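Take a look at the letters that make up each chain.
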Amino acid sequence: MRDEVDELVEAWARQRADLDLAPVAVFSRISRLARHLDLARRQAFTEHGIESWEFDVLAALRRAGAPYELSPGRLLRETLVTSGTMTNRVDRLAARGFVERHPDPEDRRGVIVRLTAEGKTAVDGAFEALLEAEKSLLQDLPHAEQQQLAALLRMLLAPFA
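I will try to describe carefully the structure that is included in this document. (Residues numbered from 1 in each chain as written. Predicted model: local features only at pLDDT ≥ 70, side-chain atom pairs only at ≥ 80, totals over all residues. Heavy atoms only, no water.)

### A look at helix α6 (residues 117-138)
The test is simple: Under the scheme used here, helices are H or I runs from DSSP no shorter than 4 residues and strands are E runs no shorter than 2 residues, and both carry numbers assigned from the N terminus. Expected span, for any helix, means 1.5 Å times one less than how many residues it has. Only protein chains enter the calculation, and the probe is 1.4 Å; a residue is then buried if its accessible area is under 20% of its type maximum, exposed if over 50%, and partly exposed in between. Along the arc lie the directions from the helix axis toward the C-beta atoms. Whether two residues are in contact is decided by their heavy atoms: any pair within 4.5 Å suffices.
The terminal C-alpha atoms of α6, which comprises 22 residues, lie 31 Å apart, in line with the 32 Å expected from a rise of 1.5 Å per residue. Regarding α6, the residues found buried are G119, A122, V123, G125, A126, A129 and L130. Across the axial projection of α6, the buried residues extend over an arc of 165°, all falling on one side. For α6, exposure combined with an orientation more than 90 degrees from the buried face picks out A117, T121, E128 and K135. Residues of α6 that are buried make contact with α2 (22-47), α3 (52-63) and β3 (107-115).

See the structure below:
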C-alpha cells in the first residue's frame, strides 16, 4: 500500500539523496493523521455544543470522579494553560451552567470547581462521539496493531513527559 507520503519522500530522495528521510516518512504521516483527528474532534464537540477548550476542562473534572471537582491549580496542570486563561474558561463554563465554584473546605481563600449535571451530560456525550470518531480512524488497523502503535507512540513521547 502506498500513500502521498511515499511520493513526498521519493521526491525528496531524488533531490536530496544525501539525507536520511526516515523522519519525514514518520512525521508527515503523524501530521496528516493529526489533521484528521482534529477535524473529528471538532465535529464531535460541535455536535454536542461545546468547543475543544471546554471539553478539555470538563473532561478533566469528569475524570476526577465523583463529585467531579478539582482546584483551579489542578485544572491548570490537567489542561496546561495559564491561570488567567483558566479563570476565563471557568467563568465562561459557569455562565453556561457547566461548572460551579464552591469554597475549598481545606483553604478558606480557595475555591473548588465542580462539574454540574449539565456539564456532565455535555462532556459524556462529546466523549462518546469522539470515541466513535477515533474508532472510525482506526477501523482498518487490527486490535493487536493498534496496541503496537500505541506502544511505539508512547516510546516516542516518553522524552517529553
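### Here we look at the nonpolar core
Quick reminder of the rule: To form a nonpolar core, buried Ala, Val, Leu, Ile, Met, Phe, Trp, Tyr and Cys residues must be joined to one another through side-chain atoms within 4.5 Å.
One finds F55, L61 and L75 to be the most contacted residues of the largest nonpolar core, which totals 25 residues. If one sorts the elements of this core by residue count, α3 sits on top with seven residues. Setting aside residues no more than four positions away along its own chain, L75 makes contact with V57, A60, L61, L70, M86, V90 and V113.

### Remarks on the pairing of β3
What counts, and what does not: Whether two strands pair depends on DSSP finding at least two bridges between them.
Pairing analysis gives two bridges linking strand β1 (residues 69-70) to β3, with the strands arranged antiparallel. Residue L70 lies in a different strand from β3, and its bridge partner there is V113. Between the antiparallel neighbours strand β2 (residues 99-104) and β3 lie two residues.

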